[in-house]
Every structure is written in structure tokens, then in C-alpha cells.
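Each chain, letter by letter, is given below.
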Amino acid sequence: MANTREIKTRMDGIRDTQKITNAMYLIASTKMRKAKAELDKTKPYFTALQEEIKRIFRIDEAVKSRYFYPPDGSHITEGTYGCLVITADKGLAGAYNQNVIKEAGRLLKQHADTKLFVVGEHGRQFFSQHHVPIERSFLYTAQNPTMQRAQEISRHLLEMFDRGELKKIFIVFTDFKNGLATEAVSTRLLPFHRKQFATDSHEKAVSSPFEFFPAIEDVLNGVMESYVSGFIYSALVDSFCSEQNARMTAMDAANKNAEHMLADLSVQYNRIRQAVITQEITEVSSGAKAQKRKRRKEASEE
């Protein structure tokens, strides 16, 4: 059994760990609020882009674009796919990274001819250790999602898509659902279904079409390039917020476990200390009784 000194040392170590977990909780909370604020600033712009895409389809439902499935709704089943996987740079975030990698692995099993694009040090290390080839690793940190970085990713993926090297592009990220729950999801980034931008039934077709220069197809393709960048930026921010939320949950659980450990150690410490005190009192009492018996014996002998 440990003595009081060992238990006290262990309790001091747990309290020091609590200081670290509390600090990490506060840092994660601050980062999450900042990232959400940045995303909220850009949402109106991409909402306007979506409305413009809907306007174009109201003018010409059959407009051709390489970023959409054909008007007849035919699907693409063959060819090389691309998969953008967004992970974190660090651990200590519960099952955040494991869930994303598991979802990416499911996609890779469904379609073997898939090129992998990775954001985040954790994903890079995992796929490298398991000898899974990576087409491109975006080496900048996942800790600071910006629109510029989303545009760089979008530009590279769109170039491969335009050259026909990729027939479909998927993105695997963690969806941040109203701050209450997070879920690792995979969604098709390209090509889009036209029904995703279908207008409501009460919206009327444009009677006086706008003039598009050089052509309506070129305008639609240009808008879609910006829309894809915004989609990727939103996924980066969602993943970052989900990571911070997972880290907050993990740190909160660590704090609660530390409290339970301290409570158990405190009880154990008090019991051992009480046992030591009881033993000391018993020894003093026994010594006093022995002295008393000795004096009585000496008195009787006299």
C-alpha cells in the first residue's frame, strides 16, 4: 500500500495535469468561436453565388457545364475519382481523426481507382504508415483555415477535373452541426446535380433573359469555380470547429476523471493518515500502560 507521501505526490501531479487540460479547453473554445465568426462573414457572399446559379438555371435549364451532370441525369460510374480528406494536425481530440479516416477508408474500398488528397498532419502520417499512396498532400497546417488556402486546394482539384484526370471528386470532413453534434461525412464535390440548384415552384422563370458574355456556359463555369472554393472553405472551417469541439469534450472528460481520481485519492489519503494517527495513539497508550504497570510493580517490590 502506498504511503501518504506517495499519494500526495500523485495528487499534486493530477492537479498539474488539470491545469493543462483546463488551458487546452479554453484555447479550443476561443479558436472555435473565432473560426465560426470568420465563416459567418463569408456566408452571405456564397449564398449570393448560389442564388445566381439558380437564376442561370431559371433562364436555361439545359445549360451545359462540365461541373454538372448532363440534363438527362446520366451518372458517371467509371474513371478515376479524387478524395479530399481533411484531418487535424494534432491528437487529444477524442475519435475526431479516427472517424474521418474510417469514412475515407470506406470510400477507398468502394472505388479502388481513387486518388487521395490530404489536409492535416494526422492524415498524412496515417496513410504513409499504412502505405496508402497520396496524390497530393497540402502541407500547410489545418489549424488556420483561410479562403486563400481553400482557393489553392480548389484550383488544383479543378485543374485535374478539367483535364479529365478526375471524373468525380469527393470530400471527407467532419460536419459541425449547430455545435451540438459532429459527424464525419463524405459528400460528392464534383460534378453537381442540377436539382441541387433547382428553383422553388413559386419562382417564375425569367421572362427577359440577361445578356451573358461571352456565353452563359462560361459565366456558369466561372461562378462554379468560386462556389467550389467556398464549399471547400466551409468544409475546412467545419472540420476545424469540430476538432476544437472534440478537444473541448475530451478535455472536459479529462477534468472530470481527474476530479474523480482526486476524490478517491483524498479518501485513500485520509484513511492512511487516520490509520497512522490511530497507530500512534495506540502506541502512546500502550507505552503509558506499560509505564504504569512498571511503576506498580516497582511499588509492590518496595
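Since we're looking at a predicted model, the values are computed, not measured.

**Remarks on the overall build of the protein chain**
Item 1. Within the protein chain one finds five helices and five strands.
Item 2. When the elements of the protein chain are put in sequence order from the N terminus, they spell out α-β-α-β-α-β-α-β-β-α.
Item 3. Along the three orthogonal principal directions, the C-alpha set of the protein chain runs to about 130 × 45 × 30 Å.
Item 4. The 302 residues of the protein chain split such that 38% are buried.
Item 5. Across the protein chain, contacts joining residues at least 24 apart in sequence account for 77% of those joining residues at least 6 apart.
Item 6. When the accessible area of the protein chain is evaluated, it comes to approximately 17,900 Å², of which 52% is carbon and sulfur surface.

**Regarding the environment of His-193**
Item 1. Residue placement: His-193 occurs in the loop between strand S5 (181-190) and helix H5 (216-301).
Item 2. For His-193 and Val-223, which are 30 residues apart along the polypeptide, the C-alpha to C-alpha distance reads 15 Å.

**Quick notes on the nonpolar core**
Item 1. Among the nonpolar cores identified, the biggest contains 47 residues, and Ile-53, Phe-68, Leu-84, Leu-190, Met-224 and Ile-232 are the most heavily contacted of them.
Item 2. Broken down by secondary-structure element, the contributors of at least two residues to this core are helix H1 (4-59), strand S1 (81-86), strand S2 (114-119), helix H4 (147-162), strand S4 (168-177), S5 and H5.
Item 3. When residues in this core are grouped by element, the largest group, 14 residues, is from H5.
Item 4. Residues in contact with Ile-232, not counting those within four places in the same chain, are Leu-84, Ala-150, Ile-153, Ser-154, Leu-157 and Leu-189.
Item 5. Judged by nonpolar contacts, the second largest core, of 12 residues, contains Tyr-81, Cys-83, Ala-104 and Val-118.

**A look at helix H3 (residues 121-129)**
Item 1. Considered for burial, the residues of H3 that qualify are Gly-123, Arg-124 and Phe-127. Looking straight down H3, one finds its buried side chains confined to an arc of 100°; they lie on one side.
Item 2. Contacts made by the buried residues of H3 are with S1, helix H2 (96-110), S2 and strand S3 (136-138).
Item 3. Downstream of H3 by a residue or two, His-131 has a phi angle that is positive, lying close to 60°.

**Observations concerning the pattern of salt bridges**
Item 1. All chains considered together, the criterion is met by nine salt bridges.
Item 2. Close ionic contact of Glu-103 with Arg-106 constitutes a salt bridge, the shortest N to O distance being 2.5 Å. In this pair, Glu-103 and Arg-106 are both assigned in helix H2, three residues apart and thus about one turn of the helix distant.
Item 3. Ionic contacts of the salt-bridge type, sharing partners, join the residues Arg-66, Asp-162 and Glu-225 into one network.

What counts, and at which threshold
Residues numbered from 1 in each chain as written. Predicted model: local features only at pLDDT ≥ 70, side-chain atom pairs only at ≥ 80, totals over all residues. Heavy atoms only, no water. Helix = DSSP H or I, 4+ residues; strand = E, 2+ residues; numbered from the N terminus. Buried < 20%, exposed > 50% of the residue type's maximum accessible area, 1.4 Å probe, protein only. Contact = heavy atoms within 4.5 Å. Areas by Shrake-Rupley, 256 points an atom, 1.4 Å probe, with all protein chains shown as cover. Core = buried A, V, L, I, M, F, W, Y, C linked by side-chain atoms within 4.5 Å. Arc of directions from axis to C-beta. Salt bridge = Lys/Arg side-chain N within 4 Å of Asp/Glu carboxyl O.

Function-wise, these values are silent; they only describe arrangement.
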